[in-house]
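Notes for the structure review
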Amino acid sequence: MAHIDAGKTTTTERILYYSGYTRSLGDVDDGDTVTDFMAQERERGITIQSAAVTFDWKGYRINLIDTPGHVDFTLEVERCLRVLDGAVAVFDASAGVEAQTLTVWRQADKHKIPRICFLNKMDKIGASFNYAVESIREKLKAKPLLLQLPIGEAKTFKGVVDVVCKEKLIWSPKSDDGKDFERKPLLEMSDPKLLKETTEARNALIEQVADLDDEFADLVLGEFSENFDLLPAEKLQTAIRRVTLAQTAVPVLCGSALKNKGVQPLLDAITMYLPSPEERNYEFLQWYKGDLCALAFKVLHDRQRGPLVFMRIYSGMIKPQLAVHNINGNCTERISRLLLPFADQHIEIPSLTAGNIALTVGLKHTSTGDTIVSSKSSALAAARRAEREGGKKHSQNSEAERLLLAGVEIPEPVFFCTIEPPSVAKQPDLDHALKCLQREDPSLKVKLDPDSGQTVLCGMGELHIEIIHDRIKREYGLETYLGPLQVAYRETILNSVRATDTLDRTLGDRRHLVTVDLEAKPAETSSLLPVIEFAESVGEDLSQASREAVENGIHSACVQGPLLGSPVQDVAITLHSLVIHPGTSTAMISACVSRCIQKALKKADKQILEPLMNLEVTVTRDYLSPVLADLAQRRGNIQEIQTRQDNKVVIGFVPLAEIMGYSTVLRTLTSGSATFALELSNYQAMNPQDQSTLLGRRRGLS
């Protein structure tokens, strides 16, 4: 996990090469890496979907997921961290901690995941090991344990020093792929300066670990208090492992993935310091007693195989042709085939045990965040065990709730636009495509705007929607059009108006004659539909049919207001008199009432109401003033500014019409460090100046 362009995919590529999984080194710039297999990823050189790979290293089986760095795809990181046991945070050594690094770090904190830091790009101009470590200490508030020191920086970077074992690792310049490197102990004779630095770093490391781990502290103070050099590396490594698993500190390693340096020691560190599935003790496992329990965390749509569901197995085992029960959907489905994920190439396998990540074919109703068990009865048995053992604590929870694994938290969308098919005939195809994409990516929401009848896409940012648009074109063959969101304005009146109207028509041999006298005035309480009152003289002798006809007429007139043709709200209509000629049809009554109301609304002082959004922006202190200045330009109204840890939270209201494209502007203003949340608050009257600008724009004058 990391910020954009810190080198996650390149590091993954090198790991796969050294573990013998691939035969050649891929490159993001050439678009031939294993984990970026989508056409869009290869074109843009970015990761969009997280890709899972399974490989072996020195007798350990490792499941690795390469995640995207862009904030638009933050859900991918969230759902992968939810099911993994450990993480490697990759840093650009010349930039240290960046905006998205903070976000993924917070996500890992939320899921309580032990992690290792890898300072990548040590060969880049401006790379600084000390600066990067300092930024981890300051910005992430973490305790870095320096397990390696670089030999040379930027152009002179040629290897690393293993602080724990006091050895130097040099990659030979002749080797193209970085497979050959030599490990030499540091000697007083050959490099005295480096040995001195390493000894100091090792002593500092021992003190740091002793502060955090009591067992190790006793050992150090007991046997090795005189001379830290005698402390065996194995003892130090076990202590570092304990500290990492307790998440009190993070081991720091360095290297350059692009130049093939420092990746093998990173793999060793992963197997040495990150937890195996058995070491993450999940409370719910004890109740399943070896029965199947898994969490579906991702769905992909495959043209041939249908939906592929990724799941993390927590206990038990999965086989093909196995019927499984989905607790969230309360349905039983059959797994037709079981695959082991290798990016976009999958290998069919006969069974898979706990701790692994499986790819299943045949589950049609399972979606992200669902809990999968072997059968309904095994789930109930687990619930009963949980009740017996933890009954005192959990008595208030229902049975089903206790069995559900925590799902995946889905962030709220911040970017909105409309999507239209090339023709009405293609609408069902578009609906199908959007349904499939929504299942794959829960952070994409699709809704129908009842006011304008448009299909609205709600996503995590401009890039997110652009990729969705591109995928609909490539994968579903639909040329769609994206457009700005149409703001649903409303209208109302400010004073009371009285109007009369007569409708006199002869159709065939029947004469239809209606005379209406009514008054429209602002309603005292806010209501979407018009409040209808009948004067006493009228109300008594009206038949039910005529009364319904009058109401229909009033409602149909209020659907389109006189200014923008938007719905009219907050009006009260009083019917003063209604004269109906015998034999007049109800449709004519409705038509006359409707025409009369339109007449009244035109005469009144009209007011446009616009939708107001509740906005909450979280931003660091340094960027507070540009954000406030930008909100002022957008006719924003700031309610309060709170302080939350090191951040400021700006709370206020902004008109929906002014929030178009705000996510992109906010990220530009704050170098990507700010986040915001939006929700519809209510409708508010526009001031006369803004109203006349809007009307001018609608009439095409400005």
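Residues numbered from 1 in each chain as written. Predicted model: local features only at pLDDT ≥ 70, side-chain atom pairs only at ≥ 80, totals over all residues. Heavy atoms only, no water.

**A word on the overall build of the protein**
How we decide: By the criteria applied, helices consist of DSSP H or I runs no shorter than four residues and strands consist of E runs no shorter than two, each listed in order from the N terminus. Buried, partly exposed and exposed residues are distinguished by accessible area as a fraction of the type maximum, computed with a 1.4 Å probe on protein chains only: under 20%, between the cut-offs, and over 50%, respectively. All accessible areas in this document rest on Shrake-Rupley with a 1.4 Å probe, and a residue is counted as covered only by the protein chains that are shown. When charges are tallied, Lys and Arg are placed among the positive residues and Asp and Glu among the negative ones, while His and the ends of the chain are skipped. Taken as the charge centre is NZ of Lys, CZ of Arg, CG of Asp or CD of Glu, depending on the residue.
Counting its regular elements, the protein contains 20 helices and 33 strands. Its C-alpha atoms give the protein principal-axis dimensions of about 115 × 60 × 55 Å. When each of the 702 residues of the protein is scored for burial, the buried share is 53%. Accessible surface computed for the protein: about 32,300 Å², of which carbon and sulfur atoms make up 50%. In the protein, 81 positive and 94 negative side-chain charges are present, and the distance between their average locations comes to 2 Å.

**Describing helix H20 (residues 688-698)**
The line we're drawing: It only takes one pair of heavy atoms within 4.5 Å for two residues to be counted as in contact.
Among all positions in H20, only Asp 690, Gln 691, Leu 694, Leu 695 and Gly 696 are buried. Among the structural elements, strand E30 (606-620) are those in contact with the buried residues of H20. Phi turns positive one or two residues past the end of H20, at Gly 700, with a value near 80°.

**Overview of the pattern of salt bridges**
Where we set the bar: The term salt bridge refers to a pairing of a side-chain nitrogen on Lys or Arg with a carboxyl oxygen on Asp or Glu at a separation within 4 Å.
This model, assessed by the stated rule, comprises 36 salt bridges. Across the pair Arg 471 and Glu 440 runs a salt bridge, and its minimum N-O distance is 2.7 Å. Of this pair, Arg 471 sits in helix H14 (residues 462-476) while Glu 440 sits in helix H13 (residues 427-440), and the two are 31 residues apart along the sequence. In this structure Glu 440 comes out as buried when scored by relative accessible area, which is 3%. A salt bridge links Arg 635 to Asp 690; the shortest N-O distance between them is 3.3 Å. With a gap of 55 residues between them, Arg 635 in the loop between helix H18 (624-633) and strand E31 (637-644) and Asp 690 in helix H20 connect regions that are remote in the sequence. Residue classification places Arg 635 among the partly exposed positions, given a relative accessible area of 26%. Linked through salt bridges whose partners overlap, the residues forming this network are Glu 610, Arg 635, Glu 658 and Asp 690.

**Things to note about the packing of helix H3 (residues 74-83) against helix H4 (residues 99-110)**
Put simply, the test is: Each axis is a line fitted through C-alpha atoms, and for a helix only the stretch in contact is used; angles between axes span 0 to 180 degrees, taken between their N-to-C directions. Roughly parallel here means an angle under 35 degrees, roughly antiparallel means over 145, roughly perpendicular means 65 to 115, and every remaining angle is called oblique. Each crossing gets its handedness from the near helix: less than a right angle anticlockwise from the far helix is left-handed, clockwise is right-handed. Side-chain classes follow a simple rule in which Ala, Val, Leu, Ile, Met, Phe, Trp, Tyr, Cys and Pro form the nonpolar group, Asp, Glu, Lys and Arg form the charged group, and the remainder, Gly included, forms the polar group.
Between H3 and H4, whose axes approach to 10 Å, the crossing angle comes to 30°. Here H3 lies roughly parallel to H4, going by the angle between them. Where H3 crosses over H4, the two elements pack in a sense that is right-handed. In this structure, H3 contributes Thr 74, Val 77, Glu 78 and Leu 81 to the contact, and H4 contributes Thr 103, Val 104, Gln 107, Ala 108 and Lys 110. Each residue belonging to the contact of H3 with H4 can be placed in one class, and the counts come to four nonpolar, three polar and two charged.

**A look at the environment of Met 317**
Within the fold, Met 317 resides in strand E13 (residues 317-318). In this structure Met 317 comes out as partly exposed when scored by relative accessible area, which is 34%. In this structure the C-alpha to C-alpha distance between Met 317 and Arg 115, which are 202 residues apart in sequence, comes to 27 Å. Beyond its immediate sequence surroundings of up to four residues, Met 317 is in contact with Leu 292, Leu 322, Ser 351, Leu 352 and Thr 353.

**Notes on the sheet that holds strand E21 (residues 415-420)**
Operational definition: At least two bridges found by DSSP between two strands are what make those strands a pair.
Reading across from one edge, E22-E23-E21-E24 is the order of the four strands in this open sheet, with antiparallel pairing throughout. This sheet does not close on itself; its edge strands, each paired only once, are strand E22 (445-448) and strand E24 (481-483). This sheet shows a mean twist of 35° between the axes of neighbouring strands, independent of strand direction. Here three bridges tie E21 to E24, and the two strands are oriented antiparallel to one another. Bridge assignment links Thr 418 to a residue of E24, and that residue is Gly 483.

**Quick notes on the nonpolar core**
Selection criterion: Residues grouped as a nonpolar core are buried Ala, Val, Leu, Ile, Met, Phe, Trp, Tyr and Cys residues, joined through side-chain atoms within 4.5 Å.
If you look at the biggest cluster of nonpolar residues, it comprises 101 residues, and the most contacted ones within it are Phe 91, Trp 105, Leu 119, Leu 205, Phe 216 and Ile 240. The leading source of residues in this core is helix H6 (residues 192-212), at seven residues. Aside from chain neighbours lying at most four places away, what touches Trp 105 is Met 1, Ala 89, Phe 91, Arg 115, Cys 117, Leu 140, Ala 142 and Val 250. With 31 residues, the next largest nonpolar core counts Leu 503, Val 516, Cys 596 and Ile 597 among its residues.

**A few points about H6**
The condition is simple: Each helix should span, by expectation, one fewer than its residue count multiplied by 1.5 Å.
In a regular helix each residue adds 1.5 Å, so 21 residues correspond to 30 Å; H6 covers 31 Å between its end C-alpha atoms and thus fits that length. Those residues of H6 that fall on the buried side of the exposure criterion are Leu 194, Leu 195, Thr 198, Thr 199, Ala 201, Arg 202, Leu 205, Ile 206, Val 209 and Ala 210. The inward-facing, buried residues of H6 contact strand E5 (144-146), strand E6 (148-151), strand E7 (159-162), helix H7 (214-222) and helix H8 (233-245).

**Overview of the UniProt feature "domain: Tr-type G" (unreviewed entry) in the protein**
Stated formally: UniProt positions are given in the numbering used here, feature names are shortened, and annotations may be inferred rather than shown by experiment.
When the UniProt feature table is mapped onto this chain, "domain: Tr-type G" (unreviewed entry) is found at residues 1-278. In residues 1-278, the share of helix is 37% and the share of strand is 19%. The end C-alpha atoms are 23 Å apart.

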